[in-house]
Structures are given as structure tokens and as C-alpha cells.
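Examination of the molecular architecture
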Amino acid sequence: LDKTSDTRFLKDWNGSIPYLFSIMSSCNLVEDLLEGIGELGCPYNTAVLFCAFVVALTFIVSTLSCNYSQVDKLWSIVPAVYTWIAVCDARTLLMACLSTIWAIRLTWNFNRRGGYKWPPWDGDEDYRWKQIQEGRFLTIMTNPVVWHLFNFGFISVYQNIILLLIACPSFVAYTASKECAGRSQHQLVALDWAAASMFLLFVVIESIADNQQYAFQIEKYRLKDKGEPLAGEYADGFKQSGLFAFVRKPNYAAEQAIWVTFYLFSIAATGNLWNWSAIGMILLILLFQMSGWFTELLTLSKYPKYAEYMKRVPLFLPNSFLSSTKKKVQ
């Protein structure tokens, strides 16, 4: 893509921002949102409006219910919605289908862990939000005003923006198809098929990791409930075999790899290694770094032997990968 097409990317988004603020200033927010989506017909505007609606919904519901995992309930759903908004050709259709496969699997996994219940704002809450609210990370979070600001700014707004941005390679592919006729790859190319294969591979890896962790937790609590003696990793309290023998968070690692792979479709569409939609995968990786660090602090305080596990097993990347990387640097 050339400078003209890059300018078009910015115009598409910039045109939607003023419209969004004009809509939000209206007294009849929901009605105007629906009218805006119907009238504009631009995927960029539709995506921004849908994101604004989800932000408002999750903040209001979490504040009223005091269950701050409302974004978690939608985490596996809204990215797929964004990709379907951008469908316009074979590539964007393939991207939407892949994201739907990811969404169905992750939603099913979240549901079996008790994430969805009736009424819909009920369900298990991520234990880390309670820990943060109680000041385990920053003592200032015990202040109700600060906590509600955190709920709005980070939990509701920032996380939803990330969910929009990780799907943005679909919008890059959309613009490349619509605005760069004759200069972009309209047909699927080898990189598309490679990206699709890797995407599905990482979905399978994430599924295996989730299944291993789920089976471990079920068996651990079964043994505890029956008063049977705990041995091995059950006595330690945390999963260390299977994929967890290679990295401590294989499901988190696979989730990051899924969206890094998704970015490859935008490269296939534009012919450029770098475009603005990379910010989505970058912010997601940074979020997982922070989330992984905080989760491990809590795990260390609960399971003393976890420190030994940390010394011998890396967090996200296997030792074989890290060793080969070090050799190349040397």
C-alpha cells in the first residue's frame, strides 16, 4: 500500500471519532447508536460504535452487580463480531471464520468453568479483580472512587479497546481490498494459508492446555473433597506436567500467538511487514505480561513450591526457543 491508502486508513477512523462523540452527547444514546450503524454502513464506524456500546454495557453492569468480570464474559465473543463486520472478500471471510472457531472454543471453555450463569451478569468472577480491589497490587485501590475509575478506565475501556484492536487486521484487509484495487492481493496467497494453519495450530495448543488444567483442577478438588491423600503435583497444588512442563502458562502463550498469527493476514493483504493494526497484538502481549506477572505473585503466596517451578520452567517461551535465540544473538 502507498501513502494514499495509509491516509485512507486514518480517514476511516478519524471520521468515526467525531461522529461517536456527537452520538454520545445525544439524550437517546441506544436509539442513535442503532441509527448510526444502519445509516453509515462503514465497517470502521460500526466497529467503533459497537465498541462504545460494549464499554458502556460492561461498565454499567459491573458497577451495579459488583461482578467485575463482565468484559471476561465477552472476551471470546466481541473480536469475532468485529471480524464479521469487516467481511468483504475471500480473505476477510477466512479471517472471520477462523476468529469464530477461536470464539466458540474459548466461550465453551469459559462456560464450563462457571463463567456464564443466569442472570447473565452473574457467574464466576476473576479472583484477581478482588485481590486488586483489596489493595494487593496498589493500596490506593481500596479507595472506592479510585476503584471505580480503574473499573471504567482499565477494565471496561482499555480492555475493550484491545479487543477491537486485535481484530483490526481484518479492517486493514478490508481497506486494502476496497481502496487499493490492482495493487493488493485480492486472492488468497500462500501467506494466508500459512497464517490460517498456524492460527488453527495455536487454537489446538490452547485447547489442550485448557483441558489439561481443567482436568487437573477437577481431580485435585475431587481428592480434597473425599479426604484422600494428595501426591505429586496435586500435593504441590499446581499443574506441572503435559504442556505445563514446557512453559508455565501454555494457554496464555497460545492466546498471544493466535493474534500475532492473525496479524499475518494484514501483511498478505498489503504486502507490507508493518501496518498500524500491529498495535493490537503488541498491546495484548503487554497485557499478558502484566497479567502473568500479577498472577504469579498470587500463586507464589499460595504455593511455596511454585518458586522452584519458576526456576526450571519459563513463563511463555520454551527453553529450547530461548536457547536458540541466545545462540543467534551471540
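Time to look at the overall build of the protein. Assigned secondary structure in the protein consists of 15 helices and zero strands. Within the protein, contacts between residues separated by at least 24 positions form 75% of all contacts whose residues are at least 6 apart in sequence. By element, 66% of the accessible surface of the protein is carried by carbon and sulfur atoms, the whole surface being about 16,700 Å².

It is worth spelling out the pattern of salt bridges at this point. Enumeration over the complete set of coordinates arrives at 10 salt bridges. Residues D192 and R91 are paired through a salt bridge, measuring 2.9 Å at the closest nitrogen-oxygen approach. Here D192, found in helix α10 (residues 190-225), pairs with R91, found in helix α6 (residues 90-112); they are 101 residues apart in sequence, far enough to count as distant. Take D192 and R91: they sit in the same class, and that class is buried. Its salt-bridge partner being E296, residue R248 comes within 2.7 Å of it at the nearest N-O pair. Of this pair, R248 sits in the loop between α11 (233-236) and α12 (250-270) while E296 sits in helix α13 (residues 278-302), and the two are 48 residues apart along the sequence.

Contact pair α10 / α12: the axes reach a minimum separation of 8 Å and the direction vectors enclose 165°. The angle between α10 and α12 places the two elements in the roughly antiparallel class. In the crossing of α10 with α12, the sense of the turn from one axis to the other is left-handed. Taking contact as the criterion, the partners of L191, D192, A195, A196, M198, F199, F202, V203, I205, E206, A209 and D210 in α10 are, on α12, P250, N251, A254, E255, A257, I258, T261, F262, L264, F265, I267 and A268. Grouping the amino acids of the contact of α10 with α12 by side-chain chemistry returns 18 nonpolar, two polar and four charged.

Comment: phi is negative for the bulk of residues other than glycine, and the bulk of peptide bonds are trans. Geometrically, the link from W118 to P119 is a cis peptide bond, its omega value of 0° lying close to zero. Positionally, P119 belongs in the loop between α6 and α7 (127-133).

For the rest of this paragraph, the subject is the packing of aromatic side chains. Enumeration according to the criterion identifies 21 aromatic pairs in this entry. Aromatic side chains F150 and F154 sit 5.2 Å apart centroid to centroid with 15° between the ring planes, which places their arrangement in the stacked category. Remark: F154 and F150 occur in helix α8 (residues 144-165); sequence separation between them is four residues, near one turn of the helix. By the burial criterion, F150 is buried, and F154 matches it. Here the aromatic rings of F238 and Y303 are separated by 5.9 Å at their centres, their planes lie at 55°, and the arrangement is tilted. Pair noted here: F238 is in the loop between α11 and α12 and Y303 is in the loop between α13 and α14 (306-312), with a separation of 65 residues, a long-range link. Assessed through its relative accessible area of 6%, F238 is described here as buried.

Attention now goes to the packing of helix α3 (residues 43-65) against α8. Where α3 contacts α8, the two axes come as close as 9 Å, and the packing angle between them is 145°. The interaxial crossing formed by α3 with α8 has right-handed handedness. Across the interface between the two elements, A47, C51, V54, V55, T58, F59, S62 and T63 from α3 touch H148, N151, F152, S156, V157, N160, I161 and L164 from α8. Taken together, the residues of the contact of α3 with α8 sort by class into nine nonpolar, seven polar and no charged.

Quick look at the environment of F137 now. Tracing the chain through its elements places F137 in the loop between α7 and α8. Judged by relative accessible area, which is 35%, F137 ranks as partly exposed. Between the C-alpha atoms of F137 and L297, which are 160 residues apart in sequence, the distance is 9.6 Å. F137 has contacts with Q131, I132, W293 and F294, leaving out every residue within four places of it along the chain.

Taken together, the side chains of F137, L138, I140, W293, L297 and L300 make up a nonpolar region of the molecular surface, amounting to roughly 530 Å² of accessible area. In this fold, L300 is placed in helix α13. What makes L300 partly exposed here is its relative accessible area of 31%.

Looking at the protein, the pLDDT average stands at 85 and 82% of residues meet or exceed 70. When the elements of the protein are averaged for pLDDT, helix α2 (residues 29-40) gives the smallest value, 45, and helix α5 (residues 78-85) the largest, 97. Contacts from residues 19-39, a stretch scored under 50 in pLDDT, to residues over four places away or in other chains number 17 contacts. Under a pLDDT of 50 for its full length, residues 324-330 has, in the predicted model, zero contacts with residues more than four places off or in other chains.

The terminal C-alpha atoms of α10 lie 53 Å apart, and with 36 residues this matches the ideal 52 Å at 1.5 Å per residue to within 8%. Residues D192, A195, A196, F199, V203, E206, S207, A209, D210, F216, K220 and L223 constitute the buried set of α10. Those residues of α10 that are buried are in contact with α6, α11 and α12.

Cut-offs and rules
- Residue positions are given per chain, counting from 1 as you read along its sequence in written order.
- In keeping with the predicted nature of the model, local features appear solely for residues at pLDDT of at least 70, side-chain atom pairs appear and are counted solely at 80 or more, and the whole-chain, interface and lining totals rest on all residues.
- For the side-chain quantities, the full set of heavy atoms in the structure was used; hydrogens and water were omitted.
- Here a strand is any run of E in DSSP of at least two residues, a helix any run of H or I of at least four, and the numbering for each starts at the N terminus.
- Contacts are assigned to residue pairs with any non-hydrogen atoms lying within 4.5 Å of each other.
- With residues, only the protein chains shown are counted as cover, and all accessible areas are computed by Shrake-Rupley using a 1.4 Å probe.
- Each reported salt bridge corresponds to a side-chain nitrogen of Lys or Arg within 4 Å of a carboxyl oxygen of Asp or Glu.
- Categorising residues by exposure relies on relative accessible area from a 1.4 Å probe, with only protein chains included: less than 20% of the type maximum marks a residue as buried, more than 50% marks it as exposed, and the intermediate range marks it as partly exposed.
- Where helices are involved, their axes are fitted lines through C-alpha atoms of the stretch in contact, as for all axes, and angles between N-to-C directions lie from 0 to 180°.
- Roughly parallel means an angle under 35 degrees; roughly antiparallel, over 145; roughly perpendicular, 65 to 115; everything else is oblique.
- Helix crossings are classified by the rotation of the near helix relative to the far one: an anticlockwise turn of less than a right angle makes the crossing left-handed, while a clockwise turn makes it right-handed.
- Nonpolar residues are Ala, Val, Leu, Ile, Met, Phe, Trp, Tyr, Cys and Pro. Charged residues are Asp, Glu, Lys and Arg, and all others, Gly as well, are polar.
- Classification of ring pairs uses Phe, Tyr and Trp, with its six-membered ring standing for Trp, and accepts pairs whose centres are within 6.5 Å; under 30 degrees between planes counts as stacked, over 60 as edge-to-face, and the remaining range as tilted.
- Put simply, a patch holds well-exposed residues, over 30% relative accessible area, that have no salt bridge, with like charges counted together within 9 Å and Val, Leu, Ile, Met, Phe, Trp or Tyr side chains within 5 Å.
- Think of pLDDT as the predictor's per-residue confidence, scored from 0 to 100.
- Helix span is expected to be 1.5 Å times the residue number reduced by one.

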